[in-house]
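The lines below spell out each chain.
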Amino acid sequence: MIPRSVPGLDVTHDGSVLTLMLDRPERRNAIDDTMMAGLIDAMSAAGTDESVRVVVLRGAGDDFCSGADIVARNAPGGERPRAGSIQRRLPTQAHRLIPLLLETQVPVVCAVHGWAAGLGFQLALAADVCVAAADATFWEPFGERGFTPDSGATWMLPRRVGDVRARELLLLGRRLSGTEAAEWGAIHRAVPAEALTAETEAVVAQLAAGPTVALGLAKWLLHRGQASGLDDQLAQEALAMELSSRSEDFREGLTAFREKRPPEFRGR
């Protein structure tokens, strides 16, 4: 069962589409502990709820996400966390969420407008398809704020944009527009701001109507391939082919091909 919304996170399950809306616009959708727990619970449920065929990440207001809300946690006058709290907390928070986005066998679509900074940038990187407004801003603020990258930035960025450009983003704090992020290969495409909703909905509709089992296994293979040798990857591809060829959608695909019509996949 898909969890309910929590303060700062609007969870909507409409048919085959699960939408996770970051809804804290007064803080540029900075993610606090409650929102993080809600995102983790929703993504965990998406991986086992067979009605979910695509997950959408959005942001309310003018921005997608300005990162984790570390300001509130370290506010002057407040009770500071004891030493070692970060390395204890991260594995159950951002460092739990990013692997879920990468590994859950359901396509994830991210729509970015305004700012996508820090963790917000990493959410976009972890999505299977990220569509951004051309005038969006992607930024890794770590160097300017005096702390080190987290939430998978040092793993995902070199694989997306290459080592040199990853250093420019993480060490020099280069900010990218949506257009530049697409040109660098950090995201999938950039569109005029007024076209963002329509473009995102088109991608979501395509994935929601696709062969969910095969798409999920293809996603799994792509992630496994980041660290696999050729022999191991070929063995995993054979396993995935075995599983996907036993799906109802595989049989529908063959039937549609023989009958020369578009397939009608049910996600099973």
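Calculation notes
Residues numbered from 1 in each chain as written. Predicted model: local features only at pLDDT ≥ 70, side-chain atom pairs only at ≥ 80, totals over all residues. Heavy atoms only, no water. Pairing = 2+ DSSP bridges. Helix = DSSP H or I, 4+ residues; strand = E, 2+ residues; numbered from the N terminus. Buried < 20%, exposed > 50% of the residue type's maximum accessible area, 1.4 Å probe, protein only. Phe/Tyr/Trp six-rings, centres within 6.5 Å; stacked < 30°, edge-to-face > 60°.

Q: Just to check I follow, could you spell out the sheet that holds strand β5 (residues 115–117) for this structure?
A: Strand-to-strand pairing in sheets goes through backbone hydrogen bonds, with the strands running parallel or antiparallel. Taking strand neighbours across the sheet as the criterion, the 3 strands line up as β5-β7-β8 in an open arrangement whose pairing is mixed. Strands at the two margins of the open sheet, each flanked by one partner only, are β5 and β8 (176–177). Of the pairings in the sheet, the one linking β5 to strand β7 (residues 137–139) comprises 3 bridges and is parallel in character. Residue A116 lies in a different strand from β7, and its bridge partner there is F138.

Q: Sorry if this is basic, but what is going on with unusual backbone geometry here?
A: Trans peptide bonds make up the majority, and among non-glycine residues the majority have a negative phi. With a phi angle near 50°, R28 is a residue other than glycine that sits in the positive phi range. By relative accessible area, R28 is classed as partly exposed at 42%. Phi at N29 takes a positive value of approximately 60°, unusual for a residue other than glycine. If you trace the backbone, N29 turns up in the loop between β2 (17–22) and α1 (33–46).

Q: Sorry if this is basic, but what is going on with the packing of aromatic side chains here?
A: Working definition: an aromatic ring pair is given by the centre-to-centre distance plus the angle between the planes. Counted by the stated rule, this structure contains 3 aromatic pairs. Geometrically, the ring pair formed by W115 and W139 is edge-to-face, given 5.9 Å between the ring centres and 65° between the ring planes. With W115 in strand β5 and W139 in strand β7, this residue pair connects regions lying 24 residues apart in the sequence. Judged by relative accessible area, W115 falls into the partly exposed class, the value being 22%. With a relative accessible area of 7%, W139 lands in the buried category. Ring geometry for F142 versus F147: centroids 5.2 Å apart, planes at 80°, classification edge-to-face. The buried category is assigned to F142, whose relative accessible area is 3%.

So yeah, pure geometry; function would need other evidence.
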